[in-house]
Amino acid sequence: MKTITINTISICILMPFFYINQPLAAPEDFSGTFSGTDKGMVTNCTNTSFNGAFNSLWTVTHEVKGNTYTGKGSNGDGNFTVEGEISDNTAKQTIKGVNKWGKSWSGESNLVIEKGELKVNTQGSLPMLGCDFTSEVVAVKK
């Protein structure tokens with residue numbers, strides 16, 4: 001019975017150290033200009049010739065105020081704006097853009113900072129073309 005008590009105490013003592021040693025990003029870590037690669041898939045388009053994979057350069061600049069941010073960016077398809085809310089090393093954002101053909105699109109993204117990289121996963125749509133898309137970005141701060 002003493003062995004179980006000692007092991008229980010040891011586990012309780014060690015767990016806080018594991019938690020403390022895990023790096024968490026601060027809101028400021030989301031601030032600045034990030035550059036990376038945008039990889040994704042367009043699906044369900046009314047004109048099926050628009051469906052398919054894409055891969056392009058991606059950049060965004062975030063301006064952080066407290067636990068929120070706004071930003072502007074671009075990818076191979078055009079320009080976009082973002083608005084987000086930060087919680088520890090993650091963030092959620094809305095994203096809106098206009099592609100190079102003048103068609104509006106929008107989506108929602110989950111962001112995380114891990115090992116110095118900003119990872120962005122987005123789901124959205126291009127309503128005028130009946131298209132949906134998913135996108136994954138891995139970027140580093142410039």
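Look up a bit, the structure's there.
This report concerns the structure included in the present document. Predicted model, so just to flag it, every value in this text is computed and none were measured.

What counts, and at which threshold
Residues numbered from 1 in each chain as written. Predicted model: local features only at pLDDT ≥ 70, side-chain atom pairs only at ≥ 80, totals over all residues. Heavy atoms only, no water. Buried < 20%, exposed > 50% of the residue type's maximum accessible area, 1.4 Å probe, protein only. Helix = DSSP H or I, 4+ residues; strand = E, 2+ residues; numbered from the N terminus. Pairing = 2+ DSSP bridges. Core = buried A, V, L, I, M, F, W, Y, C linked by side-chain atoms within 4.5 Å. Contact = heavy atoms within 4.5 Å. Salt bridge = Lys/Arg side-chain N within 4 Å of Asp/Glu carboxyl O.

1. Re the pairing of strand S3 (residues 68-75)
Remark: a regular strand shows side chains that alternate across the two faces of the sheet.
No. 1: Residues Tyr69, Gly71, Gly73 and Asn75 line the buried face of S3, whereas the alternating positions Thr68, Thr70, Lys72 and Ser74 sit on a face that is not buried.
No. 2: Sheet analysis places strand S2 (residues 52-65) next to S3, joined by 7 bridges and oriented antiparallel. Among the inter-strand pairings, valine 64 is bridged to a residue of S3, identified as tyrosine 69.
No. 3: Two successive antiparallel strands, S2 and S3, enclose a turn made up of 2 residues, where glycine 66 displays a positive phi of approximately 65 degrees.

2. Overview of the nonpolar core
No. 1: Counting 23 residues, the largest nonpolar core has Phe30, Trp58, Phe80, Leu111 and Leu118 as its most contacted members.
No. 2: In terms of residue count, strand S8 (residues 131-141) provides more of this core than any other element does, 4 residues in total.
No. 3: Those residues within four positions of phenylalanine 30 in sequence are excluded, and the remaining contacts are Ala25, His62, Val64, Ile86, Asp88, Asn89, Thr90, Ala91, Leu111, Ile113 and Leu118.

3. Thoughts on unusual backbone geometry
No. 1: Unlike most non-glycine residues, asparagine 44 shows phi in positive territory, near 60 degrees.
No. 2: Positionally, asparagine 44 belongs in the loop between strand S1 (32-43) and S2.

4. A word on the pattern of salt bridges
No. 1: In the structure shown here, the tally under the stated rule is 2 salt bridges.
No. 2: Put simply, lysine 65 and glutamate 63 hold a salt bridge, and the shortest N to O gap is 3.6 Å.
No. 3: On the basis of relative accessible area, lysine 65 is assigned to the exposed category, the value being 57%.
No. 4: A residue is classified by how much of its surface remains accessible, and glutamate 63, at 47% relative accessible area, is partly exposed.
No. 5: Here glutamate 114 makes a salt bridge to lysine 119, at a shortest N to O gap of 3.1 Å.

5. Observations regarding the pairing of strand S5 (residues 90-99)
No. 1: On S5, burial follows the alternation: Ala91, Gln93, Ile95, Gly97 and Asn99 on one face are buried, whereas Thr90, Lys92, Thr94, Lys96 and Val98 on the facing-out side are not.
No. 2: Here strand S4 (residues 78-87) runs beside S5; their pairing, made up of 10 bridges, is antiparallel. Note on S5: the bridge partner recorded for isoleucine 86 is alanine 91.
No. 3: Across 9 bridges, the pairing between S5 and strand S6 (residues 104-114) is antiparallel. Its bridge partner lying in S6, valine 98 is registered against serine 104.
No. 4: Remark: 4 residues form the turn of the hairpin made by S5 and S6, two consecutive strands paired antiparallel; glycine 102 in that turn has positive phi of roughly 80 degrees.

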